[in-house]
Amino acid sequence: MVRYGVIGCGAIHSVHCDALQNIEGGKLAGVFDIVPEKGMKAGERYGVPWPATIEELFEIVDAVTVCVPSGLHAQVGIGAANAGKHVLVEKPIDVSVESAMKLIEACASNGVKLGTISQHRFSESVRKLRDAAQSGAFGTLLEGDAYIKWYRTQKYYDSGDWRGTWKLDGGGCLINQGVHYIDMIQWIMGGVRAVQAQVRTAAHDIEVEDVATALVEYKNGAIGVIQGSTSFYPGLAERLEVHGKYGSVILEGDKPKLWKIDAEAAAQGLYGGGVLMQPTPSLHLHDQEDVVAGAAGDPTAVWGEQHRLQIQDFTDAISTGREPEITGRMALEPLKVILAIYESGRNGGARIEIE
């Protein structure tokens with residue numbers, strides 16, 4: 001039985017704690033927060049100890065999930081790794097490649113597992129889209145887009161002194177709200193080669209961006225768009241679009257809004273199947289009934305279930321000795337894309353290649 005400690009009892013900790021109460025081979029064994037009252041509140045809620053120091057937490061656990069501000073992920077994770085504990089950090093892995101690499105190296109040198117939360121990769125619809133993109137079902141991949149047009153008030157940013165700062169948040173709408181969808185689109189499309197971007201602080205009193213748009217060039221030659229914001233009232237559902245020679249798929253909130261891939265139909269007539277306006281799950285999807293019918297009852301679409309699946313995978317990796325499905329090194333990819341967008345924005349939209 002893998003005993004877990006949750007470090008950081010802010011907004012996301014309850015998702016981790018709830019998940020840890022519903023996995024096999026692992027359990028929640030303790031919580032810790034530098035604000036004692038937060039640790040006590042979480043400990044009492046979940047019926048587990050809330051040690052006064054992080055060192056005391058390490059004495060009663062085998063692994064930790066790190067739910068502190070992003071700019072502290074590596075620092076806290078390295079401390080856990082040096083104590084011989086397996087480390088699962090919330091997104092992003094950290095706010096700089098240098099810090100992320102120190103965490104990766106610390107876990108490797110201490111012989112412990114390292115994973116980073118990217119729970120949407122455990123969505124059935126996202127997995128099917130990635131399989132379709134990488135199996136050649138689309139034919140030539142032409143474009144992959146990610147839209148994260150959310151809304152946050154000034155009060156949201158004022159609610160924590162780390163929010164909206166370069167040091168601890170690492171950036172704004174891209175690295176905090178957008179990182180999951182940037183990770184998914186780069187994973188689906190097979191990696192990003194370069195970006196060109198415009199980045200703005202437009203509607204909030206914060207250090208970092210609240211509006212960003214990037215043109216993307218993928219390693220396979222396809223292009224795309226990444227748009228992120230926390231300024232667009234009332235906030236729209238996040239959206240992924242993938243287009244290839246033989247079809248198009250649109251996911252909104254991880255659910256298929258359009259799934260039309262048909263090599264034969266794509267070659268018919270002068271205009272293919274015509275223009276689809278405002279696609280809905282019931283429109284022009286008869287040839288992908290397995291995908292769409294499954295979306296309505298998809299258990300992975302339930303809030304918290306994707307976290308549970310990823311924590312279950314991490315637990316199984318510890319128990320069997322294999323690598324987790326999403327490793328620390330994999331988490332470097334979306335971080336590099338985001339940091340390249342920031343660099344391009346600072347340099348007037350210059351093309352930035354990603355190593």
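Just above, that's the structure.
As a starting point, this report considers the structure included with it. (Residues numbered from 1 in each chain as written. Predicted model: local features only at pLDDT ≥ 70, side-chain atom pairs only at ≥ 80, totals over all residues. Heavy atoms only, no water.)

**Considerations on the pattern of salt bridges**
The final tally for this structure, using the stated rule, is 12 salt bridges. Linking Arg-193 and Glu-217 is a salt bridge whose minimum nitrogen-to-oxygen distance equals 2.9 Å. Taken together, the residues span a long stretch of sequence, with Arg-193 in strand S7 (residues 192–200) and Glu-217 in strand S8 (residues 211–218) at a distance of 24 residues. Given a relative accessible area of 23%, Glu-217 falls into the partly exposed group. Here Glu-305 ties to Arg-308 by a salt bridge, and the two come within 3.0 Å at their closest N and O atoms. Within this pair, Glu-305 and its partner Arg-308 are both found in helix H12 (residues 305–320), separated by three residues, close to a single helical turn. Accessibility expressed as a relative area gives 19% for Glu-305, which makes it buried. Because the salt bridges share partners, they merge into one network encompassing Arg-193, Glu-217, Arg-351 and Glu-353. (Salt bridge = Lys/Arg side-chain N within 4 Å of Asp/Glu carboxyl O. Helix = DSSP H or I, 4+ residues; strand = E, 2+ residues; numbered from the N terminus. Buried < 20%, exposed > 50% of the residue type's maximum accessible area, 1.4 Å probe, protein only.)

**Focus on the sheet that holds strand S9 (residues 223–229)**
Ordered in space as S12-S11-S10-S6-S9-S8-S7-S13, the eight strands form an open sheet in which the pairing is mixed. Bordering the open sheet on either side are strand S12 (255–261) and strand S13 (352–353), each of which pairs with just one other strand. In the sheet, S7 pairs with S8 via eight bridges, with the strands oriented antiparallel. For Gln-196, the partnering residue across the bridge sits in S8 and is Leu-215. On the sheet, helix H13 (residues 328–346) packs against S7, S8, S9 and S13 and is oriented at approximately 50° with respect to S7. (Pairing = 2+ DSSP bridges. Contact = heavy atoms within 4.5 Å. Axes fitted to C-alpha atoms, helices over the stretch in contact; angles between N-to-C directions.)

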